[in-house]
Amino acid sequence: MKIPFNQVYLTGDEEKFIAQTMANKKIGAGGEFTKRTVDFFEKRYQFGKCFLTTSCTSALEMAALLLDVRAGDEIIVPAYTFVSTANAFALKGAQLVFADSQENHPNIDANRIAQLITEKTKAIVVVHYAGDACEMKKITALCRKHNLALIEDAAQAINSFYKHEDGSLQALGSFGDFATFSFHESKNITCGEGGMLVINNPTYIERAEVVYQKGTNRTQFLKNEIDKYEWVDLGSSYAISELNAAFLWAQLLHLDEIQAMRKEAWSRYFRFFKSCNLNQKLPSIPNYSVGNAHIFFLLSNNRATCLEKLAEKEIQATFHFSSLNQSPYFETNSLIRSKKNDNADQFSQQLIRLPLYNAIQNEQIDSVLENF
Ligand SMILES: *Cc1c(COP(=O)(O)O)cnc(C)c1O
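My aim in this report is to walk through the structure given alongside it, one point at a time. Residue numbers run consecutively from 1 along every chain, following the written order of its sequence. Given that the model is predicted, a residue must reach a pLDDT of at least 70 before its local features are reported, and side-chain atom pairs must reach 80 or more before they are shown or counted; all residues, however, enter totals for whole chains, interfaces and linings. Note that the side-chain values use all heavy atoms of the structure and ignore hydrogens as well as water.

As for the site of the ligand
Turning to step 1, where the next piece is worked out: Lining the immediate environment of the ligand, one finds 13 residues, of which Thr-57, Asp-153, Gln-156, Ser-182 and Lys-187 sit closest.
Turning to step 2, where the next piece is worked out: In this structure, Asp-153 approaches the ligand through a side-chain N or O atom, which is 2.8 Å from a nitrogen atom.
Turning to step 3, where the next piece is worked out: For accessible areas, the Shrake-Rupley method is used with a probe of radius 1.4 Å. Any residue's cover is judged against the shown protein chains and nothing else. Surface burial for the ligand is 92%, taken as the share of its 390 Å² of free accessible area covered by protein chains.
Turning to step 4, where the next piece is worked out: A breakdown of the residues in the shell around the ligand according to their chemical character gives 4 nonpolar, 7 polar and 2 charged. Throughout, near means a residue has at least one heavy atom within 4 Å of the molecule or strand. Polar contact is defined as a pair of N or O atoms within 3.5 Å, subject to the rule that within protein one atom must be able to donate a hydrogen and the other to accept it, and that residues adjacent in sequence are counted only when both atoms are side-chain atoms. Note on residue classes: Ala, Val, Leu, Ile, Met, Phe, Trp, Tyr, Cys and Pro are nonpolar, Asp, Glu, Lys and Arg are charged, and everything else, Gly too, is polar.

Quick notes on unusual backbone geometry
Turning to step 1, where the next piece is worked out: Located in the positive-phi region is Lys-214, a residue other than glycine, with phi close to 60°.
Turning to step 2, where the next piece is worked out: Think of it this way: any DSSP run of H or I at least four residues long counts as a helix, any run of E at least two long counts as a strand, and we number them from the N terminus. Locating Lys-214 in the fold gives a position in the loop between α7 (205-212) and α8 (218-222).
Turning to step 3, where the next piece is worked out: Although it is not a glycine, Asn-224 sits at a positive phi angle of roughly 60°.
Turning to step 4, where the next piece is worked out: Of note, Asn-224 is situated in the loop between α8 and α9 (242-252).

A short note on the packing of aromatic side chains
Turning to step 1, where the next piece is worked out: Centre distance within 6.5 Å is the pairing criterion for rings of Phe, Tyr and Trp, where only the six-membered ring of Trp is used; planes under 30 degrees apart are then read as stacked, over 60 as edge-to-face, and the remainder as tilted. All chains considered together, the criterion is met by 27 aromatic pairs.
Turning to step 2, where the next piece is worked out: Considering the side-chain rings of Tyr-129 and Phe-321, the 5.9 Å spacing of their centres and the 75° angle between planes classify their relative orientation as edge-to-face. With Tyr-129 in the loop between β4 (121-127) and α6 (136-146) and Phe-321 in the loop between α11 (303-312) and α12 (328-332), the pair connects residues that are 192 residues apart, well separated along the chain.
Turning to step 3, where the next piece is worked out: Three or more aromatic residues joined by ring pairs make a cluster, and in this case those are Phe-40, Phe-41, Tyr-45, Phe-47, Phe-161, Phe-181, Phe-183 and Trp-249.
Turning to step 4, where the next piece is worked out: Directly above the ring of Phe-51 sits Lys-49, whose terminal nitrogen or CZ lies 5.8 Å from the centroid. Placement of a charge over a ring requires the Lys NZ or Arg CZ to be within 6 Å of the ring centre, with the centre-to-atom vector within 35 degrees of the ring normal.

Re the environment of Lys-228
Turning to step 1, where the next piece is worked out: Looking at the secondary structure, you find Lys-228 in the loop between α8 and α9.
Turning to step 2, where the next piece is worked out: Taking the C-alpha atoms as reference, Lys-228 lies 7.8 Å from Arg-218; in sequence the two are 10 residues apart.

Considering helix α10 (residues 255-275)
Turning to step 1, where the next piece is worked out: Under the 1.5 Å per step criterion, the end-to-end length of α10 is 30 Å for 21 residues, consistent within 8% with the ideal 30 Å.
Turning to step 2, where the next piece is worked out: Between buried and exposed lies partly exposed: a residue is buried under 20% and exposed over 50% of the maximum accessible area for its type, with that area taken using a 1.4 Å probe on protein chains only. Listed as buried for α10 are Leu-255, Ile-258, Gln-259, Arg-262, Ala-265, Trp-266, Tyr-269 and Phe-273. Burial along α10 is one-sided: seen end-on, the buried residues are contained in an arc of 135°. Exposed and oriented more than 90 degrees from the buried face of α10 are Arg-271, Lys-274 and Ser-275.
Turning to step 3, where the next piece is worked out: Contacts were defined at the residue level, with two residues in contact if any of their heavy atoms lie within 4.5 Å. Looking at the buried side of α10, the elements it contacts are α2 (32-44), α9, β11 (297-299) and α14 (362-371). Between the first and last residue of a helix there are one fewer steps than residues, each counted as 1.5 Å, and that sum is the expected span. This arc is taken over the directions from the axis of the helix to the C-beta atoms.

Topic: the sheet that holds strand β12 (residues 336-338)
Turning to step 1, where the next piece is worked out: If you trace the 8 strands from one edge of the open sheet to the other, you get β1-β9-β8-β5-β4-β2-β3-β12, paired in mixed fashion. Only two strands of the sheet have a single neighbouring strand rather than two, namely β1 (49-53) and β12. Pairwise comparison of adjacent strand axes, ignoring direction, gives a mean angle of 20° for this sheet.
Turning to step 2, where the next piece is worked out: Strands were regarded as paired on the criterion that DSSP finds at least two bridges between them. Of the strand pairs in this sheet, strand β5 (residues 149-153) and strand β8 (residues 178-182) are connected by 3 bridges, and their pairing is parallel. Paired with Glu-152 across the two strands is Ala-179, which belongs to β8.
Turning to step 3, where the next piece is worked out: Convention adopted: a line fitted to C-alpha atoms gives each axis, helices being fitted over their contacting stretch, and angles between N-to-C directions are expressed from 0 to 180 degrees. Across the sheet, α7 lies against β1 and β9 (195-199), angled at about 15° from β1, the strand it touches most.

Notes on the nonpolar core
Turning to step 1, where the next piece is worked out: For the purposes of this section, nonpolar cores are sets of buried Ala, Val, Leu, Ile, Met, Phe, Trp, Tyr and Cys residues that join through side-chain atoms within 4.5 Å. Within the largest apolar cluster, 99 residues are counted, with the highest numbers of intra-cluster contacts made by Phe-41 and Phe-183.
Turning to step 2, where the next piece is worked out: At 8 residues, helix α3 (residues 56-66) tops the list of elements feeding residues into this core.
Turning to step 3, where the next piece is worked out: Excluding residues that lie within four positions of it along the chain, Phe-41 makes contacts with Gln-46, Phe-47, Cys-50, Ile-158, Phe-183, Met-196 and Leu-252.

Describing helix α4 (residues 83-90)
Turning to step 1, where the next piece is worked out: Taken as a whole, α4 has its buried residues at Ser-84, Thr-85, Ala-86, Ala-88 and Phe-89.
Turning to step 2, where the next piece is worked out: Where the residues of α4 are buried, they touch α3, β2 (74-78), β3 (95-99), β4 and β5.

Following this line, the structure appears as structure tokens:
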């Protein structure tokens, strides 16, 4: 491919930091780079307690465990999302209830959520698609009114914000009782495979320390509060290696320059489509969203032809999620409830993502646009 859809960006500091972990002979979890990274996120975005995890998927699973999700609980999940958002709760035997997208944006529709809440609803999971904020004012109000837990799947939303009515910005990932991030190679900041669980509701923090340490009180032991550590609760292995944390730290040090490059590329696409009257439909970015240029997407009635035309020129554009209510697994799992999700289905059929990565050049964007 002349212009790939995605390309991993190296800041130049990765090898140096990985070499440091090797020189220290400390490559397991919980070392210096993990501490620096967690500290960075907690301070910069006013997040609660952060835990680096092996993926966003495992962070979601950790949240489901901490919430004690079990058979009989209903969890409202967007229909238009990646499977992990749903899997984490399906693994616990919960009843999933799929909610449709907004009409003009793949994000979950708060009005649809409201219609799906029952006595059994335990939590709402939202996904900030493309790093664009969901309707957080309405959604947090629903959670308060019905006493529901909120989980933000912020896999795509590092350095994205919600703009309050007074103009102040609040980072996505700081609203939910839990929020999860991904550092998969397809995201703005990466360490290959990696993720993070943010816990903004302090009630869950003490238990999280145990769950994160495979169900033991090892964290207390490391703080010299007890003289041996034991199995005290459920848990699993969620923490990432220092090799990955070192790579991640090298990327985070360059976060501002990475975001500037991405926003420039995103804006170049956006200006072009705004200025010409193509049949393709641009997303409508809500005015309360200050996004992170994670994805440039638009809609086409004629997606297959459009993607083929680009592929002939060795330009790799692509579709995205299929509504989970259209998945083969949905057909076999009687625990999942879904109404029709016309908006999500439309995004499944029509959404196109154009090449966008940190180091993409103006000439490459122009070449995509010429061949579109
Ligand atoms: C990428 C992504 C995930 C999965 O992230 P991993 O780190 O690969 O587990 C989950 N949810 C959404 C919305 C994503 O975009």
